[in-house]
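# Coordinate analysis (summary)
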Amino acid sequence: MHEMGIVAEVLAAVTTAAESAGAVRVNRVRLTVGELTAVVPDSLQFAWEALAPGTPVEGAVLEVVETPARSRCVDCDLEFEHDRFDRRCPACGSYLCEVLAGNELRIDDVDVDLPDQAPVPSPHEATED
Ligand SMILES: [Zn+2]
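First, a word on what this report is: a plain description of the structure on this page. (Residues numbered from 1 in each chain as written. Predicted model: local features only at pLDDT ≥ 70, side-chain atom pairs only at ≥ 80, totals over all residues.)

## Side note on the environment of Glu104
Tracing the chain through its elements places Glu104 in the loop between strand 5 (97–101) and strand 6 (105–113). Ignoring anything within four residues of it in the chain, the contact list for Glu104 reads Thr32, Val33, Gly34 and Thr67. (Helix = DSSP H or I, 4+ residues; strand = E, 2+ residues; numbered from the N terminus. Contact = placed C-beta atoms within 7 Å.)

## What about unusual backbone geometry?
Working note: non-glycine residues mostly have negative phi, and peptide bonds are mostly trans. Here Ala38, not a glycine, exhibits a phi torsion of approximately 65 degrees, which is positive. Inspection of the secondary structure assignment puts Ala38 in the loop between strand 1 (25–34) and helix 2 (41–51). A tally of 9 C-beta atoms within 10 Å means that Ala38 is categorised as exposed. The phi angle at Asp77 is positive, at roughly 75 degrees, despite the residue not being glycine. Position of Asp77 among the secondary structure elements: in the loop between strand 3 (69–73) and strand 4 (79–82). Overall, the presence of 10 C-beta atoms within 10 Å leaves Asp77 in the exposed class. (Buried ≥ 20, exposed ≤ 12 C-beta atoms within 10 Å, placed from the backbone.)

## Some points on the sheet that holds strand 6
With mixed pairing, the three strands of this open sheet are ordered in space as 2-1-6. The outermost strands of the open sheet, each flanked by one partner alone, are strand 2 (61–67) and strand 6. Looking at each pair of strands side by side, their axes are set apart by 15 degrees on average, direction ignored. Where strand 1 and strand 2 come together, seven bridges link them in parallel fashion. What sits directly across from Val29, in strand 2, is Leu62. The strands touched by helix 1 (residues 2–21) are strand 1 and strand 6; relative to strand 6, the strand with the most contacts, the crossing angle is about 40 degrees. Helix 2 contacts strand 1 and strand 2 of the sheet and is inclined by roughly 160 degrees relative to strand 2. (Pairing = 2+ DSSP bridges. Axes fitted to C-alpha atoms, helices over the stretch in contact; angles between N-to-C directions.)

Put into structure tokens, the structure is as follows:
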């Protein structure tokens, strides 16, 4: 499944980012997925639940934001939204269209807990003689 590879890469990237930020916990990861990528959000969730346990990202919520495909007609300059299968200009019928949006597949936002936001100090810091 295509989505397994994507989620594996996302987990690796988020783990690296969280570790370099010193995060103690990852709460939420938001992905933007363009319509033209053919990625199925339900399959992403399935892959997430299969692969996240055992990684530092375990327990984080995956939020998938789908963006519609948008193109500009080369012949009449119209910008329009369309689906994956029909990219023809609705005004003049031209197939000569430049894709403006819909190929995105990116991590938009990662919500983490940092140590200094922890409500309770760790036992090591609390111990005093
Ligand atoms: Zn056109």
